[in-house]
Amino acid sequence: MKSLASDRNKIQKILLHTFFWILSFYILLRIFVRGNEIESIDIIYTFLFQCTIAPFAYANLLWLKPLLDSGKWYLYGFILMLIVSAAAGFNYFFFTVGVDFVLPGYYFISYYDWIEIIQFVFGHLFILTLLQISLEWFELNRERQRISELEKEKINFEMKALLGQINPHFLFNTLNNLYSMVLNGSQQSGEYILKLADVLRYVIYQSRQEAILLEDEIRLLTDYILLQELRTDYPNAEFNVSGETGTWRIPPMIFLPLLENSFKHGIKGEKESQKIIINLQVNEREIFFKIQNEREEKETIRDKQPGGIGMENIKRRLELVFPENHEFNIEERENLFFTNLKIWKS
Amino acid sequence: MLKKAIAMKKFLIVLLIITSCVPSIHPLYHERDLIEDQRLFGNWRNAGEGEFWDGRESWKFEKLPPKQGFLGSKTPDPLSGYLLTITEDSIAAEFVARLLELDNQLFLDIFPKSEYGDIKGIENNWLQMHLFPVHTFARISFENKAMIIEPFDPDFIIDLLEQKKIRISHEKTGNNFILTASTDELQKFVMKFGREKEAYIDPGLFTRM
């Protein structure tokens with residue numbers, strides 16, 4: 001891809017420079033023509049005139065313009081004046097002496113004075129430099145666009161990869177729970193399976209969308225909590241939602257990994273006293289998502305399961321989807337964990 | 001009737017001299033280029049050597065008379081120059097000749113005096129309206145008390161113009177060419193190619209009368 005783009009740039013550059021010299025030839029010819037009609041000698045003269053300028057014009061582009069790019073304006077201006085003078089001198093010398101060796105039998109002189117030749121040379125150098133700057137600007141823009149597309153592709157790829165990590169993790173957890181319930185002959189296993197089906201529908205279909213309604217994510221969290229409560233046979237989570245959620249759209253599966261993490265580390269065994277408190281506050285500009293859960297002694301927030309989502313994955317995903325408009329932190333006070341996530345509209 | 005015939009003959013002589021060179025609208029000199037050479041003054045007779053010269057011509061160089069000004073006032077010509085009277089078979093025509101040096105060579109720029117006004121016999125206003133004064137150029141040198149005049153060869157320039165091998169401003173009307181190049185351009189050509197022998201017709205040798 002890179003090589004093709006590079007070839008295309010080269011071809012465009014060659015075409016543009018060719019066009020410039022053809023246009024310059026036409027304009028110079030119209031200026032140089034002596035009579036009413038264009039004679040062959042006018043064409044020869046115009047071509048030779050261009051030949052005396054071209055090497056200096058490209059010397060300016062190749063060796064001098066980098067000085068301009070690096071901001072050395074004074075040095076560039078000084079050397080540019082030298083190059084323009086050298087080009088004018090060469091043009092004068094060529095048509096006074098050199099042309100007789102190149103084209104013996106022809107009678108040319110240097111028809112213009114120094115000031116006029118300098119104007120012709122400077123005009124060419126100036127327009128060619130502008131042309132080069134425009135070309136580079138277009139190339140830079142194209143490169144930026146390419147990098148931006150690559151970044152987007154990379155983000156999409158990472159998102160998919162992260163989602164791919166989350167989904168099986170949740171599924172395996174839930175299936176493990178279901179397996180336990182069936183083994184225990186629980187009456188509620190049917191309801192459990194239906195809720196699981198709802199959650200899976202969400203995970204499989206809606207999680208592929210770029211953004212979903214906040215209300216759908218809330219429904220997912222509610223179902224998930226219910227599934228967890230069915231598993232433990234007693235209510236151990238309190239989920240409070242406040243504010244207007246209607247207009248908010250968010251990327252799918254933003255809150256579930258945090259909740260999943262809290263259940264994983266916060267509810268151990270069958271302790272009825274263990275509670276998870278989830279608060280979701282929404283206003284027009286911001287969403288506050290807070291989880292408070294107990295933790296066992298010496299428990300760390302780091303996910304120990306191989307292939308699990310882990311807190312790093314959660315952070316990474318938040319950085320990808322809300323690069324400039326989120327705050328995420330975990331506080332630990334005594335035996336409590338506080339997970340805080342704030343998202344705001346940019 | 002006789003007067004008119006003489007005037008027409010003088011006019012034809014002028015035309016002959018002019019058409020023996022490629023005439024130019026612009027002079028070969030700037031004011032700063034003009035010089036004086038005392039050797040020119042006096043009467044010179046052509047020795048009649050070469051194809052172009054037949055020995056019937058005499059050239060007389062004098063000081064330029066003052067210019068006629070408003071209400072008969074007379075002012076000296078501010079530019080250096082000579083009153084050149086060319087006589088052929090007793091028929092005289094007056095010119096203003098300016099001398100200049102380019103690339104260590106002397107050149108004469110010859111221009112009709114008073115733009116035909118003093119040429120007797122051409123008093124018809126309608127005829128004068130149809131004439132345009134032009135400059136012709138010749139190289140000049142001195143050798144053993146002789147003066148050598150070498151007008152530019154019109155065939156040389158016309159051939160180059162027709163073969164498109166010289167790039168000099170000009171106009172062509174019918175078979176006639178007239179140079180329209182500026183003085184600067186003319187001087188550059190003379191300086192660059194003024195030593196080519198082919199650029200001149202046979203040298204005309206003039207001795208003092």
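Residues numbered from 1 in each chain as written. Chains lettered and ligands numbered in written order. Predicted model: local features only at pLDDT ≥ 70, side-chain atom pairs only at ≥ 80, totals over all residues. Heavy atoms only, no water.

**Student:** For this particular structure, what's the right way to read the overall build of chain B?
**Tutor:** Helix and strand counts for chain B stand at 4 helices and 13 strands. Across chain B, the fraction of contacts at a sequence separation of at least 24, relative to all contacts at a separation of at least 6, is 63%. About 11,500 Å² of surface is accessible on chain B, with carbon and sulfur atoms providing 53% of the total. (Helix = DSSP H or I, 4+ residues; strand = E, 2+ residues; numbered from the N terminus. Contact = heavy atoms within 4.5 Å. Areas by Shrake-Rupley, 256 points an atom, 1.4 Å probe, with all protein chains shown as cover.)

**Student:** Would you mind going over the overall build of chain A with me for this structure?
**Tutor:** Scanning chain A from N- to C-terminus turns up 8 helices and 7 strands. A buried classification covers 41% of the 346 residues belonging to chain A. The long-range share in chain A, meaning contacts at least 24 apart out of those at least 6 apart in sequence, stands at 71%. When the accessible surface of chain A is split by element, carbon and sulfur atoms take 60% of a total near 19,900 Å². (Buried < 20%, exposed > 50% of the residue type's maximum accessible area, 1.4 Å probe, protein only.)

**Student:** I keep staring at unusual backbone geometry and nothing clicks. Help me out?
**Tutor:** For residues that are not glycine, phi is negative in most cases, and the peptide bond is trans in most cases. All names here are of chain B. In this model, Ser90 sits at a positive phi of 65 degrees, which is unusual for a non-glycine residue. Positioned with a positive phi, Asn144 is a non-glycine residue whose angle comes to about 50 degrees. Looking at the secondary structure, you find Asn144 in the loop between strand 9 (136-143) and strand 10 (146-151).

**Student:** Where do I start with the pairing of strand 3 (residues 57-63) of chain B in this structure?
**Tutor:** Sheet faces and side chains relate simply in a regular strand, where the side chains alternate between the two faces. Relative to strand 3 of chain B, strand 2 (residues 42-46) of chain B is paired through 4 bridges, and the arrangement is antiparallel. Directly across from Arg45(B), in strand 3 of chain B, lies its bridge partner Ser58(B). (Pairing = 2+ DSSP bridges.)

**Student:** How do you make sense of a nonpolar patch on the surface when you look at a structure like this?
**Tutor:** Residues and elements named next belong to chain A. There is a patch of nonpolar side chains on the surface, built from Phe19, Leu23, Tyr26, Ile27 and Ile31 and spanning about 510 Å² of accessible area. Topologically, Ile27 is positioned in helix 1 (residues 2-32). Exposure remark for Ile27: the relative accessible area of 43% places this residue in the partly exposed category. (Patch = residues over 30% accessible without salt bridge, like charges linked within 9 Å, V, L, I, M, F, W, Y side chains within 5 Å. Salt bridge = Lys/Arg side-chain N within 4 Å of Asp/Glu carboxyl O.)

**Student:** Help me understand the packing of aromatic side chains, please; the structure alone is not making it clear to me.
**Tutor:** What the rule picks out here adds up to 35 aromatic pairs over all chains. Judged by centre distance (5.1 Å) and plane angle (75 degrees), the ring pair of Phe20(A) and Trp21(A) falls under edge-to-face. The buried category is assigned to Trp21(A), whose relative accessible area is 14%. Consider the rings of Tyr107(A) and Phe156(B), whose centres lie 5.8 Å apart with planes at 90 degrees: the pair is edge-to-face. Within this pair, whereas Tyr107(A) is found in the loop between helix 3 (73-102) and helix 4 (114-184), its partner Phe156(B) is found in helix 3 (residues 154-162), the two belonging to separate chains. A relative accessible area of 10% means that Tyr107(A) is categorised as buried. The side chain of Lys345(A) reaches across the aromatic face of Trp248(A), ending 4.7 Å from its centre. (Phe/Tyr/Trp six-rings, centres within 6.5 Å; stacked < 30°, edge-to-face > 60°. Lys NZ or Arg CZ within 6 Å of the ring centre and 35° of its normal.)

**Student:** Can you help me understand the pairing of strand 13 (residues 204-208) of chain B in this one?
**Tutor:** Residue and element names in this part refer to chain B. In terms of strand pairing, strand 2 meets strand 13 through 3 bridges, oriented antiparallel. Bridge pairing in strand 13 places Arg45 opposite Thr207. With 3 bridges connecting them, strand 10 and strand 13 associate as antiparallel partners. In the strand pairing of strand 13, Met147 is matched with Phe206.

**Student:** Quick question: what am I supposed to make of helix 4 (residues 183-193) of chain B here?
**Tutor:** Three or four residues apart is the spacing at which side chains of an α-helix point the same way, because the helix has 3.6 residues per turn. Every buried residue of helix 4 of chain B is accounted for by Thr183(B), Glu185(B), Leu186(B), Gln187(B), Phe189(B), Val190(B) and Phe193(B). The elements touched by buried residues of helix 4 of chain B are helix 3 of chain A together with strand 7 (91-102), strand 8 (105-112), strand 9 and strand 12 (176-179) of chain B.

**Student:** I would appreciate a short explanation of the sheet that holds strand 6 (residues 326-333) of chain A in the present structure.
**Tutor:** One key point about sheets: their strands pair by backbone hydrogen bonds, in either a parallel or an antiparallel sense. Residue and element names in this part refer to chain A. Strand order in the open sheet made by the 5 strands is 2-4-5-7-6, with mixed pairing throughout. Of all strands in the sheet, those with a lone pairing partner are strand 2 (237-242) and strand 6, marking the two edges. Between one strand axis and the next, the sheet turns by 10 degrees as a mean value, whatever way the strands run. (Axes fitted to C-alpha atoms, helices over the stretch in contact; angles between N-to-C directions.)

**Student:** What exactly am I supposed to notice about the confidence of the model for chain A here?
**Tutor:** Close reading of the predicted structure is inappropriate where its pLDDT is low. Across chain A, pLDDT averages 82, with 86% of residues at or above 70. Strand 4 (residues 276-282) of chain A holds the highest mean pLDDT among the elements of chain A, 92, whereas helix 8 (residues 310-321) of chain A holds the lowest, 76. (pLDDT = per-residue confidence, 0-100.)

**Student:** Is there a simple way to think about the interface of chain B and chain A in this case?
**Tutor:** In many reports, interface size means the accessible area that the parts give up when they come together. With 14 residues of chain B at the contact, the number on the chain A side is 21 residues. With both chains or domains summed, chain B and chain A bury close to 1,700 Å², and 52% of this area falls on carbon and sulfur atoms. Looking at the side of chain B facing chain A, the largest losses of area belong to Lys164(B), Arg167(B) and Lys192(B), adding up to 46% of the total buried there. Linking chain B with chain A are 3 salt bridges. Linking Lys164(B) and Glu39(A) is a salt bridge whose minimum nitrogen-to-oxygen distance equals 2.9 Å. Across the contact surface, chain B and chain A share 12 residue pairs in polar contact (both at pLDDT 80 or more). Only helix 3 and helix 4 of chain B provide two or more residues apiece to the side of chain B that touches chain A. (Buried area = accessible area lost by both parts, 1.4 Å probe. Polar contact = N/O pair within 3.5 Å; in protein donor to acceptor, adjacent residues only side chain to side chain.)

**Student:** I keep staring at empty space enclosed by the protein and nothing clicks. Help me out?
**Tutor:** Summary: where empty space remains is shown by rolling a probe the size of a single water molecule over the atoms. All names here are of chain B. In this structure the tally under the stated criterion is 4 cavities of 30 Å³ or more. The space that makes up the largest cavity amounts to roughly 240 Å³. Listing elements by their share of the lining of the largest cavity, those giving two or more residues are helix 3 and helix 4. If you tally residues by element for the lining of the largest cavity, the top one is helix 4, at 4 residues. Tallied by class, the residues present in the lining of the largest cavity amount to 14 nonpolar, 1 polar and no charged. (1 Å grid on protein atoms, 1.4 Å probe; cavity = no way out; pocket = protein on both sides within 12 Å on 5 of 7 lines; lining within 4 Å. Points joined across faces, edges and corners; volume = space filled by probe spheres on them. Nonpolar A, V, L, I, M, F, W, Y, C, P; charged D, E, K, R; others polar.)

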